[in-house]
Amino acid sequence: MEFVQFSVKENVGILTVARPAALNALNDQVIRELSEALDQVDPGVVRCLIVRGEGEKAFVAGADIGQMSSLSKAEGQTFGKLGNDVFRKLETLPIPTIAAVCGFALGGGCELAMSCDIRLASETAVFGQPEVGLGITPGFGGTQRMARLIGVGRAKELLYTARKVKAPEALAIGLVQGVYPVETLMDEAMKLASRIAANAPIAVRAVKKAVNEGLQVDMDRAIVIEEELFGSCFETVDQKNAMAAFLEKRKADPFVNR
Ligand code: CAA
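Only a predicted model underlies this, so the values are computations on that prediction, with no experimental measurement involved.

**Student:** Teacher, can you tell me more about the pattern of salt bridges here?
**Tutor:** Note that side chains of opposite charge can pair when their charged atoms are close. Across all of its chains, the model carries 12 salt bridges by this definition. Across the pair Arg-32 and Asp-28 runs a salt bridge, and its minimum N-O distance is 3.7 Å. Within this pair, Arg-32 and its partner Asp-28 are both found in helix α1 (residues 28–39), separated by 4 residues, close to a single helical turn. Residues participating in the shared-partner salt-bridge network are Arg-88, Glu-91 and Arg-145.

**Student:** Which parts of the structure should I look at to understand the packing of α1 against helix α3 (residues 73–91)?
**Tutor:** Helix packing geometry: the angle between the two helix axes and the distance between the axes. Interhelical geometry of α1 versus α3 gives an angle of 25° and a closest axis separation of 10 Å. With respect to each other, α1 and α3 are oriented roughly parallel. Once α1 is placed against α3, the crossing between them reads as left-handed. Residues Asp-28, Ile-31, Arg-32, Leu-34, Ser-35, Leu-38 and Asp-39 of α1 form the contact with α3, whose participating residues are Phe-79, Leu-82, Gly-83, Val-86, Phe-87, Lys-89 and Leu-90. When its residues are assigned to classes, the contact of α1 with α3 shows 8 nonpolar, 2 polar and 4 charged.

**Student:** I tried to follow helix α5 (residues 142–150) on my own but got confused; where do I start?
**Tutor:** Residue pairs three or four apart in sequence face the same way in an α-helix, which turns once every 3.6 residues. Listed in full, the buried residues belonging to α5 are Gly-142, Arg-145, Met-146 and Ile-150. One face of α5 carries all of its buried residues, which in axial projection span an arc of 100°. The secondary structure elements touched by the buried residues of α5 are α3, α4 (108–114) and α6 (152–161).

**Student:** Help me understand the layout of surface pockets, please; the structure alone is not making it clear to me.
**Tutor:** Considered as a void within the structure, the largest pocket measures approximately 870 Å³ in volume. As for the largest pocket, its lining consists of 28 residues, of which Glu-91, Asp-117, Asn-212, Leu-215 and Gln-216 are closest to the centre. Residue assignment for the lining of the largest pocket shows that the elements contributing at least two residues are α3, β7 (118–122), α5 and α9 (201–214). The leading source of residues in the lining of the largest pocket is α9, at 8 residues. Split by residue class, the lining of the largest pocket holds 12 nonpolar, 6 polar and 10 charged. Residue-level mapping places the lining of the largest pocket at the junction of two domains, with at least three residues from each of domain 1 (4–197) and domain 2 (201–247). The volume enclosed by the second largest pocket comes to roughly 670 Å³.

**Student:** Whenever I open this one, the site of the ligand confuses me. Can you help?
**Tutor:** The ligand sits among 23 residues. The nearest are Lys-57, Ala-63, Gly-108, Glu-111 and Glu-131. Interatomic distance of 2.8 Å between a backbone N/O atom of Gly-108 and an oxygen atom of the ligand. For the ligand, an oxygen atom lies 2.9 Å from a polar atom in the backbone of Gly-139. For the shell around the ligand, the secondary structure elements donating two or more residues are α2 (65–68), β6 (104–106) and α4. The residue inventory of the shell around the ligand, partitioned by class, reads 15 nonpolar, 4 polar and 4 charged.

**Student:** For this particular structure, what's the right way to read empty space enclosed by the protein?
**Tutor:** Regions of empty space are outlined by a rolling probe, equal in size to a water molecule, passed over the atoms. In the structure shown here, the tally under the stated rule is 2 cavities of 30 Å³ or more. Of the voids in this model, the largest cavity is the one considered here, and its volume is about 40 Å³. If you trace the largest cavity, you find it lined by Leu-15, Leu-34, Leu-38, Val-51, Val-86, Phe-87, Leu-90 and Leu-112. A total of 3 residues in the lining of the largest cavity trace back to one element, the largest contributor, which is α3. Considering only residue class, the lining of the largest cavity consists of 8 nonpolar, no polar and no charged. By volume, the second largest cavity amounts to about 40 Å³. Lining the second largest cavity are Val-46, Arg-47, Ile-95, Pro-96, Ile-196, Pro-201, Val-204 and Arg-205. The biggest single contributor to the lining of the second largest cavity is α9, with 3 residues. Looking at the lining of the second largest cavity, its residues break down into 6 nonpolar, no polar and 2 charged. In this structure, the lining of the second largest cavity is formed jointly by two domains, domain 1 (4–197) and domain 2 (201–247), each of which donates at least three residues.

About the criteria used
- Residues numbered from 1 in each chain as written.
- Predicted model: local features only at pLDDT ≥ 70, side-chain atom pairs only at ≥ 80, totals over all residues.
- Heavy atoms only, no water.
- Salt bridge = Lys/Arg side-chain N within 4 Å of Asp/Glu carboxyl O.
- Helix = DSSP H or I, 4+ residues; strand = E, 2+ residues; numbered from the N terminus.
- Axes fitted to C-alpha atoms, helices over the stretch in contact; angles between N-to-C directions.
- Parallel < 35°, antiparallel > 145°, perpendicular 65-115°, else oblique.
- Left-handed = near helix turned anticlockwise from the far one by under 90°.
- Contact = heavy atoms within 4.5 Å.
- Nonpolar A, V, L, I, M, F, W, Y, C, P; charged D, E, K, R; others polar.
- Buried < 20%, exposed > 50% of the residue type's maximum accessible area, 1.4 Å probe, protein only.
- Arc of directions from axis to C-beta.
- 1 Å grid on protein atoms, 1.4 Å probe; cavity = no way out; pocket = protein on both sides within 12 Å on 5 of 7 lines; lining within 4 Å.
- Points joined across faces, edges and corners; volume = space filled by probe spheres on them.
- Domains from an automatic or database assignment.
- Near = heavy atom within 4 Å.
- Polar contact = N/O pair within 3.5 Å; in protein donor to acceptor, adjacent residues only side chain to side chain.

Purely geometric numbers; function is a separate question.
Right, here's the structure in full:
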């Protein structure tokens, strides 16, 4: 892969968009490589995934404007589907995901971050959906995920105006869950990922599925989704060992993901 790197460090996967000459902008090749990298994430090994952009200036500065500039209506829709399919693959990845956003996260970059479960930002981070200033709508899920994440009124204000949001405001409106100096952002993301990775992986994956799928349906159906996933954790090695350790008043062994 030319523009996307994937590595694993102690059960934590790190996926890097690496096209710094264009501020990591997403052309069709980058998007296809992101998809390929996501296919490599093995939940048997990787317990949490961090998504980042190369360099300190940009997480991702959006979809590639040069490539989009000459698209027809049909090609525009196809390009939207390409991004949407990959971002949905990221959103529904069985393991938790953290976007570590350093610098610009605009357009498709903001949408990439919003497709992750949790967003941590550098003090220099800038978020926004500038699309209406380019004559288009957000195309990789921005209209949908932003409204769900920060509420309809706030999202519409940002989407209609194309206003950029700096890190402190992003934290205040719940777009990100933490803001750190540039130098410590990745350490903080690793710390959070390691903390998640230290918990029972089957249970953590079930929590993600319960939250994600439960939010799409009414409460009666949602609690049934939770019941089924709650039940699915029983009889696992990790459930048996962790509960036995509690009852025997001893420290539990590390979880084995079985
Ligand atoms: N697409 C293509 N190239 C991009 C890009 C993008 N989205 N963003 C930055 N670049 C390129 C620039 O063209 C430039 O390349 P050259 O050196 O070859 O000229 C290089 O990255 C550096 O960028 P700048 O010189 O513009 O850097 P700056 O510091 O002056 O400005 C910036 C930084 C404010 C982020 C500015 O680059 C910018 O506004 N970028 C576009 C942001 C944007 O509008 N994103 C939304 C795209 S639409 C979208 O994403 C649709 C969707 O929902 C799918």
